[in-house]
Amino acid sequence: MAESRRRLRSSTVVLGGMGVLAAALTSCGSDPDRRCVDRDSYDHLKGYKVVSDKNCKSGTTTSGSPGKSRSARADWYYDSDVSNGYADYGTFSRSEAVDRGGFGSSGSGSSGG
């Protein structure tokens with residue numbers, strides 16, 4: 001009966017293990033999830049308006065109706081909830097977002113007592 005069991009080849013086991021390791025390391029990366037937002041567009045119900053990533057590279061964006069564009073401050077907003085083109089509950093501090101940790105990461109924290 002033991003002979004009827006299917007044996008996995010060692011290469012299959014190694015490759016499968018490498019995939020699991022890669023997924024764990026990727027989820028613990030030092031780059032938190034980020035969105036480019038217009039810092040001047042905050043709405044207390046929606047959050048910050050998400051704009052094109054190219055605006056965060058230049059630091060400004062233009063918006064408004066045709067013929068009436070305005071310049072705004074664009075910046076990276078980390079670890080936010082995104083809904084309907086708006087991001088909220090995040091941080092503009094990359095280091096703070098990294099400290100929050102993620103799936104598979106060992107975050108730091110304290111418990112009261």
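Residues numbered from 1 in each chain as written. Predicted model: local features only at pLDDT ≥ 70, side-chain atom pairs only at ≥ 80, totals over all residues. Heavy atoms only, no water.

## Here's the deal with the overall build of the protein
Scanning the protein for helices and strands turns up 3 helices and 6 strands. In the protein, the order of α-helices and β-strands from amino to carboxyl end is α-β-β-α-β-β-β-β-α. Counting all 113 residues of the protein, 19% fall into the buried class. A separation threshold of at least 6 residues defines the contact pool for the protein, and within that pool the share at least 24 residues apart is 47%. When the accessible surface of the protein is summed, it comes to about 8,800 Å², and 51% of that surface belongs to carbon and sulfur atoms. (Helix = DSSP H or I, 4+ residues; strand = E, 2+ residues; numbered from the N terminus. Buried < 20%, exposed > 50% of the residue type's maximum accessible area, 1.4 Å probe, protein only. Contact = heavy atoms within 4.5 Å. Areas by Shrake-Rupley, 256 points an atom, 1.4 Å probe, with all protein chains shown as cover.)

## Some details on the confidence of the model for the protein
Averaged over every residue, the pLDDT of the protein is 73; residues scoring 70 or more account for 48%. Within the model, pLDDT remains below 50 along residues 103-111, and this stretch shows 6 contacts once partners closer than five positions in the same chain are excluded. (pLDDT = per-residue confidence, 0-100.)

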